[in-house]
Amino acid sequence: MATFKVLVTGGTGLVGRAIQQVVQERGYARPNEDWVFLSSKDADLTDPGATRAVFEKHQPTHVIHLAAVVGGLFANMKGNLDFLRKNILINDNVLHCCLEFKVKKCVSCLSTCVFPDKTSYPIDETMVHNGPPHSSNFGYSHAKRLVDVFNRAYHEQYGCQFTSVIPTNIYGPHDNFSIENGHVIPGLIHKVHKAQQSGGRLEVWGSGKPLRQFVFSRDLARLFVWALREYPEIDPIILSVGEEDEVSIRGVVEAIVKAADFKGEVVFDTEKADGQFKKTASNAKLRKYLPDFEFTPIEQGLEETVKWFWQNYDDARK
């Protein structure tokens, strides 16, 4: 009989699909665990009643909370209030149900956008609340910061084991490949596919100079499973490749172009906004716990993601 009943909110998105795959792998699967992956069709988590009903139905002992209203740079710039309100509602409902249903541990997913815009680098887990986040997505950022505040408050008042992880930029199969609202890698992959089909040029928004740390979804899934089973702290932990693996957007474009065997012209539209130039994160805390964890090289991860999108173009979110 399962002693772990794990409910994964946002379970059919990029990270949720990767966790589904990982918990069936040799070395990660455990016979005493039962995993339930929720999609947005199963419950509207902005609604307290619907959230409570789904907890009532599944009676989880553990929760991985991935569900969020998300979007890329331009979607955030247009809708900061919507991102703030909807994400606060989701997080409040999920965490309060975790208390009510006596969930033993909840691991929520934050984002590096929680960190202050004006800061020193590399950023680490102690710096989350040190100043205002970047103005482009302040609504989403503040909603995510509040998860850390909730976790501390639930622990202080009720002794709850609620914690959070902060991944850097995630990519992989099953992402949202929308050009308008997706994140940088899936949006670029879709653009390359379109340019290849039409025989046109590839137009990239921005200068290509900003630097990012990208983490492959399957690597992140393995780290999420570790965090749920092993990570003992309430304070957040950054899940990322090291500073030495930071790559420019231009470098990402070149790797996607290579993986897709795209032969057309590539143009960078410098009239479009770049967002933050860098947000280098330290993974020193992760390395203290897992010194030998091996990340997938970005070229390999991009090749797999490009191949997946080409093969699943008709069904992929876009």
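Structure: above.
Residues numbered from 1 in each chain as written. Predicted model: local features only at pLDDT ≥ 70, side-chain atom pairs only at ≥ 80, totals over all residues. Heavy atoms only, no water.

**Student:** Please set out the packing of helix α1 (residues 14-22) against helix α7 (residues 217-229) residue by residue, giving values where relevant.
**Tutor:** The N-to-C vectors of α1 and α7 enclose an angle of 70 degrees; their axes lie 8 Å apart at closest approach. When the interaxial angle is binned, α1 and α7 end up roughly perpendicular. The handedness of the crossing between α1 and α7 is right-handed. Only Ser217, Arg218, Leu220, Ala221, Arg222, Phe224 and Val225 of α7 make contact with α1, whose side of the interface consists of Leu14, Val15, Ala18, Ile19, Gln21 and Val22. Its residues assigned to classes, the contact of α1 with α7 shows nine nonpolar, two polar and two charged. (Axes fitted to C-alpha atoms, helices over the stretch in contact; angles between N-to-C directions. Helix = DSSP H or I, 4+ residues; strand = E, 2+ residues; numbered from the N terminus. Parallel < 35°, antiparallel > 145°, perpendicular 65-115°, else oblique. Left-handed = near helix turned anticlockwise from the far one by under 90°. Contact = heavy atoms within 4.5 Å. Nonpolar A, V, L, I, M, F, W, Y, C, P; charged D, E, K, R; others polar.)

**Student:** Give me the lowdown on the environment of Val215, citing residues and values where you can.
**Tutor:** Looking at the element boundaries, Val215 is found in strand β9 (residues 214-216). Assessed through its relative accessible area of 0%, Val215 is described here as buried. Taking C-alpha positions, Val215 is 8.7 Å from Gly172, a pair spaced 43 residues apart along the chain. Beyond its immediate stretch of four places on either side in the chain, Val215 contacts Thr168, Asn169, Ile170, Tyr171, Leu220, Leu239 and Phe295. (Buried < 20%, exposed > 50% of the residue type's maximum accessible area, 1.4 Å probe, protein only.)

**Student:** So what about the packing of aromatic side chains? Which residues, and what values?
**Tutor:** Applying the stated criterion to the full structure yields 16 aromatic pairs. Here the aromatic rings of Phe83 and Tyr140 are separated by 6.4 Å at their centres, their planes lie at 90 degrees, and the arrangement is edge-to-face. Residue Phe83 is found in helix α4 (residues 80-100), and its partner Tyr140 is found in helix α5 (residues 138-158); the two are separated by 57 residues along the sequence. Ring geometry for Phe309 versus Tyr313: centroids 5.3 Å apart, planes at 75 degrees, classification edge-to-face. (Phe/Tyr/Trp six-rings, centres within 6.5 Å; stacked < 30°, edge-to-face > 60°.)

**Student:** Could you give an account of α1, naming the residues involved and the relevant values?
**Tutor:** Residues of α1 that are buried: Leu14, Val15, Gly16, Ala18, Ile19 and Val22. Where α1 is buried, its residues contact β2 (33-37), β3 (62-65), β6 (169-171) and α7.

**Student:** Describe helix α8 (residues 249-260), naming the residues involved and giving the relevant values.
**Tutor:** Helix length check: α8 (twelve residues) gives 16 Å between terminal C-alpha atoms against 16 Å at 1.5 Å per residue, within 8%. Regarding α8, the residues found buried are Ile249, Val252, Val253, Ala255, Ile256, Val257 and Ala260. (Expected span 1.5 Å × (residues − 1).)

**Student:** Talk me through the environment of Gln197; I want residue IDs and the actual numbers.
**Tutor:** Looking at the element boundaries, Gln197 is found in helix α6 (residues 184-198). Separated by 65 residues in the primary sequence, Gln197 and Phe262 have C-alpha atoms spaced 10.0 Å apart.

**Student:** An account of the nonpolar core is needed here, citing residue identities and associated values.
**Tutor:** Ranked by internal contacts, the top residues of the largest apolar core, which has 33 residues, are Ile19, Trp35, Ile64, Leu66, Phe224 and Leu286. Elements that contribute at least two residues to this core include exactly β1 (4-9), α1, β2, β4 (105-109), α7 and β10 (237-239). When near neighbours in sequence (up to four residues on either side) are disregarded, Leu286 contacts Leu223, Trp226, Ile237, Ile238, Leu239, Ser240 and Phe295. (Core = buried A, V, L, I, M, F, W, Y, C linked by side-chain atoms within 4.5 Å.)

**Student:** Before we move on, can you summarise the packing of α4 against α5 with the specific residues and values?
**Tutor:** Put simply, α4 and α5 touch, their axes get as near as 8 Å, and they point 20 degrees apart. In this view, α4 runs roughly parallel relative to α5, as classed from their interaxial angle. At the point where α4 passes α5, the crossing takes the right-handed sense. Residues Asn80, Phe83, Leu84, Asn87, Ile88, Asn91, Asp92, Leu95, His96 and Leu99 of α4 pack against Phe138, Gly139, Tyr140, His142, Ala143, Leu146, Val147, Phe150, Asn151, Tyr154 and Tyr158 of α5. Its residues assigned to classes, the contact of α4 with α5 shows 13 nonpolar, seven polar and one charged.

**Student:** Got a sec to walk through the sheet that holds β2? Specific residues and values, please.
**Tutor:** Strand order across the open sheet formed by six strands is β2-β1-β3-β4-β5-β10, with parallel pairing between neighbours. The strands lining the two open edges of the sheet, one partner per strand, are β2 and β10. When strand polarity is set aside, the average angle formed by the axes of neighbouring strands in this sheet is 20 degrees. Inspection of the sheet shows β1 paired to β2 by five bridges, in the parallel sense. Within the sheet, the bridge partner assigned to Val6 lies in β2 and is Trp35. Seen against the sheet, α7 touches β1, β2, β3, β4, β5 (162-167) and β10 and runs at an angle of roughly 150 degrees to β4. (Pairing = 2+ DSSP bridges.)

So yeah, pure geometry; function would need other evidence.
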